[in-house]
Amino acid sequence: MSQKSGKTAKSSMISHGMVAQNRKARFNYAIQETIEAGLVLKGPEVKSLRLGRATISEAFAGERDGELWLFNSYIPEYQGGVLSRFDSRAPRKLLMHRKEVRKYMGAIAKQGATLVPLDIHFNARGVAKVTLGLGVGKKSVDKRHAIADRDWQRDKARLIRNKGKGDY
């Protein structure tokens, strides 16, 4: 392995920090509450996550057999020569206290809320976690308001940045 760039293969792996983020979740849902849950993963899945290769834009959390599971998350196969293969879109069990599971399952049933994965990250100890948001879907009017606010913030920053240059 050549050392031209000065980086080794190990340095490109994520030991702690963000792996994948669902940026559209906060746009499509009004997030009321966030929770952190553990993920049950196999070894090659963890290696693939450490390379930062995951997508949760279409994922959601739901109930199966009285437990919470993460559905439709995409973790590609690790290409490091391992023999064990896994389904890249397989449901993955979420680790939470039983009391929390009952609380959020009740909120989903009563309020019509959705558990949306906001991000997958490694905590300080190097354990894979998923941040879930208890969200209610936004109406198109709310989305237009969010777009208008975002545009105004961008224009305001541009005006402040160019204030001394005479370009208004």
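Structure's up top.
What counts, and at which threshold
- Residues numbered from 1 in each chain as written.
- Predicted model: local features only at pLDDT ≥ 70, side-chain atom pairs only at ≥ 80, totals over all residues.
- Heavy atoms only, no water.
- Helix = DSSP H or I, 4+ residues; strand = E, 2+ residues; numbered from the N terminus.
- Buried < 20%, exposed > 50% of the residue type's maximum accessible area, 1.4 Å probe, protein only.
- Contact = heavy atoms within 4.5 Å.
- Pairing = 2+ DSSP bridges.
- 1 Å grid on protein atoms, 1.4 Å probe; cavity = no way out; pocket = protein on both sides within 12 Å on 5 of 7 lines; lining within 4 Å.
- Points joined across faces, edges and corners; volume = space filled by probe spheres on them.

By the secondary structure assignment, leucine 70 is in strand E4 (residues 67–71). On the accessibility criterion, leucine 70 (1% relative accessible area) is buried. For the pair formed by leucine 70 and valine 116, sequence separation is 46 residues and the distance between their alpha carbons is 9.2 Å. With near-sequence residues (within four places) excluded, leucine 70 lies in contact with Leu39, Ala59, Phe60, Ala61, Ala90, Pro91, Arg92, Leu94 and Pro117.

It is worth spelling out the pairing of strand E7 (residues 128–137) at this point. Of all ten residues making up E7, eight are buried, and the element is well covered by its neighbours. The pairing of strand E2 (residues 29–39) with E7 spans nine bridges and is classified as antiparallel. Paired with alanine 30 across the two strands is valine 136, which belongs to E7. The sheet contact formed by strand E6 (residues 114–122) and E7 spans eight bridges and is antiparallel. The partner of histidine 121 across the bridge, within E7, is lysine 129.

Glancing now at the layout of surface pockets. In this structure, the largest pocket encloses a volume near 160 Å³. Lining of the largest pocket is provided by Gly66, Glu67, Leu68, Lys93, Leu94, Leu95, Met96, His97, Arg98 and Val101. Listing elements by their share of the lining of the largest pocket, those giving two or more residues are E4, strand E5 (92–95) and helix H3 (98–111). Examining the composition of the lining of the largest pocket, we find that three residues originate from one element, E5, more than from any other.

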